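Single-letter residue listing:
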Amino acid sequence: ESRYNPASIEKHWQQTWAEQGLDLTPDDRSKPKFYALSMFPYPSGSLHMGHVRNYTITDVLARVRRMQGYRVLHPMGWDAFGLPAENAAIDRGVHPVKWTYQNIDQMRTELKRLGLSYDWSREVATCSPDYYKWTQWIFLQFFEAGLAYQKESAVNWDPIDQTVLANEQVDSEGKSWRSGAKVERKLLRQWFFKITDYAEQLLNDLETLTGWPERVKLMQANWIGKSTGAYLEFPIVDSDEKIGVFTTRPDTVYGVTYVVLAPEHPLTQVVTTSDRATAVDAFAQEIADQSELERTAEDKPKRGIPTGGKAINPFTGEEIPIWIADYVLYEYGTGAVMGVPAHDVRDFKFAKEQGLAIRAVVAPVGEAEGSHHTPYTPHPTPPAQAFTEPGVLINSSTFDGLPSIEAKTAIVQYAEQNGFGKARIQYRLRDWLISRQRYWGAPIPIIHCPKCGPVAVPDADLPVQLPENVELSGRGGSPLATLESWVNVACPTCGTPAKRETDTMDTFIDSSWYFLRYPDATDANQVFDPAKTNDWMPVDQYVGGIEHAILHLLYSRFFTKVLRDRGLLNFGEPFQRLLTQGMVQGKTYKNPRTGKYVISTQITDLSNPIDPETGDALELVYEKMSKSKYNGVAPGDVIGKYGADTARMFILFKAPPEKDLEWDEADVEGQSRFLNRVWRLVTEFGTQQTSTEKQATAVSGQRSALNKAEKELRRAIHTAIAAITDDLEGDYQFNTAVSELMKLSNALTDAACKDSPVYAEGIQALLLLLAPFAPHIAEELWHGLGHTDSVHTQSWLTADATALIADEKTVVIQINGKTRGAIEVPIAIADDRVALEQQIRESDIAKRHLDGKTIKKVIVVPGKLVNFVVG
Ligand code: ANZ
Ligand code: ZN
């Protein structure tokens, strides 16, 4: 009998499976399909535990569905464009191509060590020309559909590095992460995707995503941010122009005491009076340099100044002042707001600070005029705070007395009839800015012609290859712009000398369609064969991190809808079910006073951890694994020490998939011990019988012919089958599935019928049930039993319902409520009140305790308990 040696068996089976092509995607359309997908990683260089958890979850599902008779598509690839490669080039002089592919090779090797059943023949890397050719082709589909356009837009500009920064590269003080310079806002011509055209669908279709976590759907809905209200126009005094505002509260229009423009609003120039011009310009300049975050921060005082201009409230004819203020965003609604301090918190604060009039026009229900409870008294002084709830209109002319909801409709109708407004729906979602002044991304396939404007690169000329010899300095805008030989081309339409677009695409574009490519990953002639992609899609189970709850998932849904509308797809939602796995947290030593993290190897006594630098007592907490917290565990180390099967089992066992998981070495060892027990159990069984016998006896006999021990074991086996099968549906309770495996192994260990065919059935069942979780050891032991085909190609077991039924029930015997013992009673008797009492009275235990006593009362709970109350 050999010892369990994960290192050698895992390597052996990984090679064998690859040679056999075990994980290739079958083409057999007679089977139902199952598309199992993990979010593909960015090739940073090495796997972290978050990856391991993500991919293990998906792998278990892929393996189990195969055994259940599905044809499974389970692919893997690389989200390989992006800034880190470019920074590596700048910092260390390695070319992004080389850096990226080295990382991919390293990570692929690590993935293979985990025994993940990927169809590697479908691997994609978004930075490969075979892939980005189609990213560019899709861009042109958007362009043709009018969904890709250029617009001046404010970007974060680093004046030292002379480059555009992403929002994430600007810190909370508005400084560049790289140069530390105060970031400026600069207007540049950028490419956008018109995602706002799909806002309504993206919102409404969330309802159809019944397999998504509610939390994620809510986050998307909030991001899309639908508001129903009105567009109203306020004419400017002494001008033909009008200020359009978006409001969700048209019912408050009689309470408007001023209008506010965003400082960037073009009408600012029109309304500002000459005496105010200098002050207004200075203020606008100051605000322009602030990020949106700084401007909208809740706790900051609202800042603004009057322009000197006046507008007219079209409902009252009244003249009201026009201001500019930082809290009005140019990018939302119309970039202008009607100020109603009595009913809006921000307006209220602003009016108080600036001494603007406050006029109540909505009263709480019951306080308004005409109510029979309290006679209405207009507020003699301005209210102490804004009343933001709906109520009943007051001080609103003919609309007085209307409840807010009705007043909204009536007021919008009135505005519409008189030509100064209409109903409007507004979304918080903005068009997607997709151009990046970066090298390591897919070039935007557009040629700018002085005669024709922006022209699509003809399909035949795709891909627009990324030139390799580009100097990367990290400064000065788009690196591609420096390569004149590449930039200068003839216009494909008219032949005039023209210039290539030098921006590249946001890498989120690459990942917005990769799942459509896997069904036809190597197609050189088309983006994908619609027949194949329509067959495999939608993804049946998508697994990934919650950090992608909004952008990646929203963009992917958007792409799917656009490509459907282009006639390429016959479905509108890409991901049927979504699982967002919890974080993997590591044991972290933290100094509560300084907030600093301490490396565990520097701590002398881990049971009483002290900060070696400061002498403070350290706190032991679990936090998301990260280099800066010294709490990471490298997947390679764990696999090296315990094997991939143990790592997988631990991760699945330790917490339900959507919950956070605390990495705990003791529990890893626990799983290692469990697999060792399974190893011994099965190998001991194997040595007792010849292989032919083992297979012959694996089929259990008739239930009636079984003795008590056999029946019990069979019940344990089929309980495990039923429970594990159930755990692999619905909520995916892998943790309880693993405990069921442990229970079954215990039942086998304790079984009093080791030479029975039922025992052989149990051993086989254990391996088949274990296979999706710990694929290598299951395969090795399966072959050890004499099988010549793979455990992973076997059929999943179905529970035998008759085996689940127990013959007897355990009934507790109590005297005056105290438990004195328990006996097994045949079910027919246990469930019959009278028969049960009779049987229990005659039992030895009862007789002994009742001897010489008078029974006053007997309480019988059929199937469970008999309690004798004695005097
Ligand atoms: C008058 C009013 C009165 C408003 C009232 C609210 C309460 P949501 O729900 O987020 O869509 N608003 C409109 N455009 C704005 C902009 N560009 N920057 C800052 N604020 C803007 O919010 C819509 C409300 O936010 C609008 O309704 C407007 O203020 C303000 F008692 O109009 B309201
Ligand atoms: Zn041209």
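Bear in mind the structure is a predicted one, so any value in this text is a computation, not a measurement.

(A) Region of the structure containing the sheet that holds strand β12 (residues 319–325). The strand order across the open sheet built from 4 strands is β11-β12-β10-β13, with neighbouring strands paired in mixed fashion. Two strands in the sheet have a free side with no partner beyond their single neighbour: β11 (304–312) and β13 (336–339). Across the sheet, the mean angle from the axis of one strand to that of its neighbour is 30 degrees, orientation sign disregarded. Relative to β12, β11 is paired through 6 bridges, and the arrangement is antiparallel. Looking at the pairing, Ile-305 lines up with Ile-324 of β12. On the sheet, helix α9 (residues 277–288) packs against β11 and β12 and is oriented at approximately 120 degrees with respect to β11.

(B) How the structure looks around the site of ligand 1. Near ligand 1 you find 18 residues, and of these Ser-227, Thr-247, Gly-333, His-343 and Asp-344 are the closest. Secondary-structure elements contributing two or more residues to the shell around ligand 1 are β9 (242–247) and β13. A breakdown of the residues in the shell around ligand 1 according to their chemical character gives 8 nonpolar, 8 polar and 2 charged.

(C) Structural detail: helix α17 (residues 551–565). With 15 residues, α17 ought to run about 21 Å at 1.5 Å a step, and its terminal C-alpha atoms sit 21 Å apart, in line with that. With respect to burial, α17 is a largely interior element, 11 of its 15 residues being buried. Every buried residue belonging to α17 is among Leu-553, Leu-554, Tyr-555, Ser-556, Arg-557, Phe-558, Phe-559, Thr-560, Lys-561, Val-562 and Leu-563, and all of these are buried. On its buried face, α17 sits against α5 (129–144), α6 (199–204), α7 (214–224) and α14 (507–510). Looking at the residues trailing α17, positive phi occurs at Gly-567, about 85 degrees.

(D) Expanded view of the sheet that holds strand β30 (residues 808–815). The strand order across the open sheet built from 4 strands is β31-β30-β33-β32, with neighbouring strands paired in mixed fashion. Among the strands making up the open sheet, the edge pair consists of β31 (818–826) and β32 (855–861). Averaged over all adjacent pairs, the angle separating strand axes in this sheet is 20 degrees, with direction ignored. Sheet strands in contact with helix α28 (residues 833–841) are β30, β31, β32 and β33 (865–870), and its direction is about 125 degrees off that of β32.

(E) The arrangement of the domain arrangement of the chain in detail. Parsing the chain into structural domains produces domain 1 (141–197 + 435–507), domain 2 (227–427), domain 3 (585–645), domain 4 (662–804) and domain 5 (808–870). The centre of domain 3, based on its C-alpha atoms, is set 38 Å off from the matching centre of domain 4. Listed as interface residues are 9 residues of domain 3 and, on the opposing side, 8 residues of domain 4. Of all elements in the fold, only β26 (584–590), α18 (635–642) and α19 (644–654) reach the threshold of two or more residues within the side of domain 3 that touches domain 4. Per element, the largest residue contribution to the side of domain 3 that touches domain 4 is 3 residues, and it comes from β26. Looking at the side of domain 3 that touches domain 4 residue by residue, the classes come out as 5 nonpolar, 2 polar and 2 charged.

Criteria and cut-off values
Residues numbered from 1 in each chain as written. Chains lettered and ligands numbered in written order. Predicted model: local features only at pLDDT ≥ 70, side-chain atom pairs only at ≥ 80, totals over all residues. Pairing = 2+ DSSP bridges. Helix = DSSP H or I, 4+ residues; strand = E, 2+ residues; numbered from the N terminus. Axes fitted to C-alpha atoms, helices over the stretch in contact; angles between N-to-C directions. Contact = placed C-beta atoms within 7 Å. Near = placed C-beta within 6 Å. Nonpolar A, V, L, I, M, F, W, Y, C, P; charged D, E, K, R; others polar. Expected span 1.5 Å × (residues − 1). Buried ≥ 20, exposed ≤ 12 C-beta atoms within 10 Å, placed from the backbone. Domains from an automatic or database assignment.

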